[in-house]
Number of protein chains: 4
Amino acid sequence: MIKTAVLGATGYAGIELVRILSGHPDAELKILGSQSFDGQPISEVYGNFGHVLDLNCEKLDLERVSECDVAFTALPHGASKDVIPLLIERGLKVIDLSGDFRYDDVRVYEEWYKQEHSAPELLKESVYGLPELHREEIKKARLIGNPGCYTTCSILGAYPLLKSGIGKPDNIIVDAKSGVTGAGRGLGLPYHFCECTENTKAYKVAAHRHTSEIEQELSKAAGEEVIISFTPHLIPQKRGILSTIYVNLNKKCTTEELTALYKDFYKNEYFVRVKDAGILPETKHVAGSNFVDIGIVVDERVNRAVIVSALDNIFKGAAGQAVQNMNLIFGLDEKTGISNAGFYL
Amino acid sequence: MIKTAVLGATGYAGIELVRILSGHPDAELKILGSQSFDGQPISEVYGNFGHVLDLNCEKLDLERVSECDVAFTALPHGASKDVIPLLIERGLKVIDLSGDFRYDDVRVYEEWYKQEHSAPELLKESVYGLPELHREEIKKARLIGNPGCYTTCSILGAYPLLKSGIGKPDNIIVDAKSGVTGAGRGLGLPYHFCECTENTKAYKVAAHRHTSEIEQELSKAAGEEVIISFTPHLIPQKRGILSTIYVNLNKKCTTEELTALYKDFYKNEYFVRVKDAGILPETKHVAGSNFVDIGIVVDERVNRAVIVSALDNIFKGAAGQAVQNMNLIFGLDEKTGISNAGFYL
Amino acid sequence: MIKTAVLGATGYAGIELVRILSGHPDAELKILGSQSFDGQPISEVYGNFGHVLDLNCEKLDLERVSECDVAFTALPHGASKDVIPLLIERGLKVIDLSGDFRYDDVRVYEEWYKQEHSAPELLKESVYGLPELHREEIKKARLIGNPGCYTTCSILGAYPLLKSGIGKPDNIIVDAKSGVTGAGRGLGLPYHFCECTENTKAYKVAAHRHTSEIEQELSKAAGEEVIISFTPHLIPQKRGILSTIYVNLNKKCTTEELTALYKDFYKNEYFVRVKDAGILPETKHVAGSNFVDIGIVVDERVNRAVIVSALDNIFKGAAGQAVQNMNLIFGLDEKTGISNAGFYL
Amino acid sequence: MIKTAVLGATGYAGIELVRILSGHPDAELKILGSQSFDGQPISEVYGNFGHVLDLNCEKLDLERVSECDVAFTALPHGASKDVIPLLIERGLKVIDLSGDFRYDDVRVYEEWYKQEHSAPELLKESVYGLPELHREEIKKARLIGNPGCYTTCSILGAYPLLKSGIGKPDNIIVDAKSGVTGAGRGLGLPYHFCECTENTKAYKVAAHRHTSEIEQELSKAAGEEVIISFTPHLIPQKRGILSTIYVNLNKKCTTEELTALYKDFYKNEYFVRVKDAGILPETKHVAGSNFVDIGIVVDERVNRAVIVSALDNIFKGAAGQAVQNMNLIFGLDEKTGISNAGFYL
């Protein structure tokens, strides 16, 4: 059994990790780190865990965490960077859900996060935890920068088209819609039920940090620098991201041809489901699962591909992907504990 | 592996069964019965099953079903009664999710369902599939009448109080609130999104069939005939039932005393979680799980207990309980495949 | 034109008042009192008022408020009691939306609100602002205690039955379900979108302050002391309260007879709509309007009436009723500015 | 008083018209046309109209309709085209909410609607009812093609930028999100509550009919043919459309400059609210009102404008705009009966 610690266990990404790990056949939850709920049974903080998980929250105690094999860090920014080097030092594998270890180039991080990086050496070592693109490096990694939710959805949606050279790298637009769990459990007027329900809005237009992650990976696909327009939206649902991605094409293609291209590209990926031509993803099909669904339509009048990709922002976009990374690092079947179908209802 | 058939697999109770069984370690899905989607892959009907379950829907073929060990029948009324005798004849265990086999007394069925029962002999043999009350009979049963959703929630909420003799059997009121999955996938104006959302209403006041099931079981608890007022409500959410149950008391009691009574009564039940005094259930804590949460408050000014019980109507109120019954019949640990925490998010 | 001030204009009840008054033909909004948004245009705080209302929020300035004819006080408890005497002194009519001036007996207030009342003389003078029951006193009042949302819904639902002597005053149960606007705009984890949506729960069972208001008015109807069990619930919608009220009957009655009784009782009330026998209220029918819808069913097996009443908690349950009271005080047609149909959509 | 008929009164656009007209000071509702509910009081079909509107639905009777001054036709396609010529013949003004009379060029209609137009002469005469662009022609029109919901939102969002010559006419992308009322009251599995809630999806990608309307008007703005990519999405709310529009720029501009351009362009328009730089529209701010809110951000890294526009699809996107057109035709202040703030809650 892999001994696991979840630091920041009572946020939404953290608690989804706890939920997934509580049913994982090869992992054991040892530590539920939480400053705010130190000493409280997790089943009091989240009533759904009654009779399922008999563990108390505790504040960070490095000695106790050191007995684990892996730590998932779902901490606020800053906290993450301070704690992780100490964990690595003690021999743990670390899968970090913050933005701190997702970058190839420290300057990109510092530009978008408006702060100096406190562990640039570790950043260099860290691996971007998107298994569909970096599986082999993940297997050997000590430190994973687990990708953001918008990011995973958008990168996997656009990658094959850019990699193939059929998609043009300029004029790429990613219009993404996210459920409210993406904002976390912290209080804020925009997340009050009466403000959220029956409401849709765009936010941080042309300014969201995930832009830089998407560009980093799509630039690799295209073999040249890709700059995109990325627009996040908040929609009145808990789980789910839908990215609608617009890419101009270098040559005439049909919906069927691009669908075939995508099916081929992802043919060995359990967690990517390319829809048949004419069928499009819905967030309901992925909610509660680690799947990314992708559908492609060619807008033939303008020779532009419209790619729609969907995932569950706290599952494949956070906790599920973190477990997928853990599985790879520890030599398990990548699907272990996360192969389930989504809830649908 | 237990070979299973789900007849009526594409309704909401059916598909939740399919979802649960697709992750059950000791059961194998062999047949997905569906008249409407005969020949279609289940993953086309419910997109969440892509890459998870590679089975086609098929219309009823008794020979094929006969190869299974157990059939779950989630069929419309009538259909159920015609098919089940044939399945029993062929040696299958049958767990029926309709109302047809839930009654001790055929006259009660006929009064509330306004039709003659076509298999009264089987009705006599059938066992009411509420494991917390009828576990031993279930283990030996060939045919289970799987309880209704309102019913399970309300019976388990009121039972200990009546059984103890502390609750008075008259003046019992059950005010229940249900999510919309309870109405099934069939189309109807009341279930149109724009009619349901931002709407709460009562329906079938003093006339809902589940009344009779609740009365049947509570009468056993009380040792005398119990007649209740039962009011179902439709609330704008998918999953979840909350029953608020009012029972006058034969003697002065405190919230703490009744809470202790309930904790003791259910002390060996994994799937019943009695909340500490002062804490009340929420549907969010049970959604996606087989748990029933119960909280008790004594309204001391009138010496009346207010019991609040919550469950997920399509899980513990339908599909999950059906699997719990299957586990018992086949000698498995009752929790197998359904021990998970609820979704919360 | 009646010159109006809304103190506490940026809470939910306050802003609904502002919305209604901004369309009222005989009232003029002069003062939008708000501590938190002092100096800000209301259209920045609530974007829906752009181009409609060109007023800034301001903190309390008694001199400025004194130029108004009427003040609506939608202030937190305590604040209300301190400010109101000063307003009355300056000759304003005051319609108070807090609980401070709703009681006939100061001891009841002090028992349920756990504090001494600072203006018992004014409390004595104040009129309970439920026009359907106290219209004539309201017309002459200087100070109105505007009823609570649960209260209005429940009192109007049960009143005729108790007044007629047909309903028994003991064993009355009020099971009420409220939308989230009832909790106001303040932040709190239970009102976070992801905690509220897909969730229903009971709260403050046998302990909610509105109990005492309901009892006060129903005791008048019954001519003897009435003690009820009142259970509030939170349901995942913005607007709307549905009260399901259980009253045992002194004699055999049919649904049709009681419906006729109610229709007669409310025959001159524009804002009360008694549904035909067999039809039940839905919150969607009253949302956005000043109507209370009432339906009655007799549960003949137990000779108990089940009365379902519905209203919009921030309209008839707060702001709309306050305007109805203003209309009465200033000699206008009671319906002025609030006669509209609900939104439905 | 203008005598009005609403044909197709019981669909969602129709009933919103009825709601608005029931509060319009200069209009009188005479006819509520409905095939399905012929003879039924409207307050039985829509419970929110009890005590407000005492009219029965009736099936089409041309003689009776002829007594009106104006007919709003909210009929299914086809029905519309057959009835309208007869109404025009009888001297009524007609405001048609279908797509039949929105086109300058009959060929565009026939291409996108896949059918021959049965009244091409009337089509030629009809005026596109977007008052912000065609006010003067509307005032003199007999027949209005009332614009679609996506259309109004998207055209008003992009128009100033194209008109100014700053926006490039190629590479325009309109990514639009719509509430479910846009799909009407007809039954269909995608509109079942349990299928809609917690779900977001794109549909009719590169194939939605409103594309052609948007292109028609934007081509006029640009002075050359504009071909766009238009992607509609269904989001889990009742009311509201948010269009996110991407337009490349011919020259470097700042957010502030383009905001100033928009403010100037719409400076005389009550119903268009251009947000200050840095503020973005939300559907909640326009729901229940005739406003269109527009915000602009320049994505400076790629010199592209991202314009976000929001409206209420059944108000400004259908019924409210129809009333605005009626007001213009009959010489009233354009705002009469529709100047109200949105609901917010």
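Per chain, the residues get numbers from 1 upward, laid out in the order the sequence is written. Written order decides the labels, with chains lettered from A and ligands numbered from 1. Totals for whole chains, interfaces and linings use every residue, but because this is a predicted model, local features are given only for residues with pLDDT of at least 70 and side-chain atom pairs only at 80 or more, for both listing and counting. The basis for every side-chain value is the complete set of heavy atoms in the structure, and neither hydrogens nor water enter the calculation.

Novice: Sorry, what's going on with the confidence of the model for chain A here?
Specialist: A residue-level look at chain A finds 100% of positions with pLDDT of 70 or above and a mean pLDDT of 97. Complex prediction metrics read pTM 0.97 and ipTM 0.97. Each residue carries a pLDDT score, the predictor's own confidence in it, on a scale running from 0 to 100.

Novice: Which parts of the structure should I look at to understand unusual backbone geometry?
Specialist: Generally, phi is negative for residues other than glycine and the peptide bonds are trans, each holding for most cases. Backbone geometry places Tyr344 of chain B, a non-glycine residue, at a positive phi of 60 degrees. Each helix corresponds to a stretch of at least 4 residues labelled H or I by DSSP, and each strand to a stretch of at least 2 residues labelled E; elements are numbered beginning at the N terminus. By secondary structure assignment, the location of Tyr344 of chain B is in the segment after α13 (315–329). Per-residue accessibility, obtained with a 1.4 Å probe over protein chains only, is compared with the maximum for each type, and a residue is labelled buried under 20%, exposed over 50%, and partly exposed between these values. Judged by relative accessible area, which is 6%, Tyr344 of chain B ranks as buried. If you check the backbone angles, Lys114 of chain D has positive phi at about 55 degrees while not being a glycine. Along the chain, Lys114 of chain D falls in the loop between α5 (106–113) and α6 (120–125).

Novice: Please clarify how the relation of the copies chain D and chain A should be interpreted in this entry.
Specialist: One copy of the chain maps onto the other through a rotation about an axis plus a displacement along that axis. Here the copies are superposed with least squares, the fitted atoms being C-alpha atoms of residues at a pLDDT of at least 70 in both. If you rotate chain D by 180 degrees and push it 0.0 Å along the axis, it lands on chain A with an RMSD of 0.0 Å. Considering both components of the superposition, the chain copies are consistent with a two-fold axis. Proximity to the rotation axis, assessed at the C-alpha, singles out Pro236 of chain D in chain D; its C-alpha lies 3.2 Å from the axis. Mapped onto chain A, 100% of the interface residues of chain D again fall at the interface, so both copies present the same surface. For this analysis, residues touch if any pair of their heavy atoms sits within 4.5 Å.

Novice: What is the right way to read the interface of chain D and chain A from this model?
Specialist: A common way to express how large an interface is: the accessible area buried when the components associate. Across the contact, 48 residues belong to chain D and 48 residues belong to chain A. Buried area is calculated as the accessible area (1.4 Å probe) missing from two parts once they are joined, with the contributions of both summed. Here chain D packs against chain A, burying approximately 4000 Å² in sum over the two surfaces, 50% of which is carbon and sulfur. Broken down residue by residue, the surface that chain D buries against chain A is led by Glu198, Thr200 and Arg301 of chain D, which jointly contribute 16%. The salt bridge definition used is simple: a Lys or Arg side-chain nitrogen within 4 Å of an Asp or Glu carboxyl oxygen. Counting the contacts that link chain D with chain A gives six salt bridges. For Arg301 of chain D, the salt bridge is made with Glu215 of chain A, and the minimal N-O distance between the two is 2.4 Å. Think of a polar contact as two N or O atoms within 3.5 Å of one another; within protein, one of them needs to be a possible hydrogen donor and the other a possible acceptor, and neighboring residues in sequence only count if both atoms come from side chains. At the boundary of chain D and chain A, one finds 43 residue pairs in polar contact (both at pLDDT 80 or more). Here the term charged refers only to Asp, Glu, Lys and Arg, the term nonpolar to Ala, Val, Leu, Ile, Met, Phe, Trp, Tyr, Cys and Pro, and the term polar to all other amino acids, Gly among them. Partitioned by chemical class, the residues of the side of chain D that touches chain A number 23 nonpolar, twelve polar and 13 charged.

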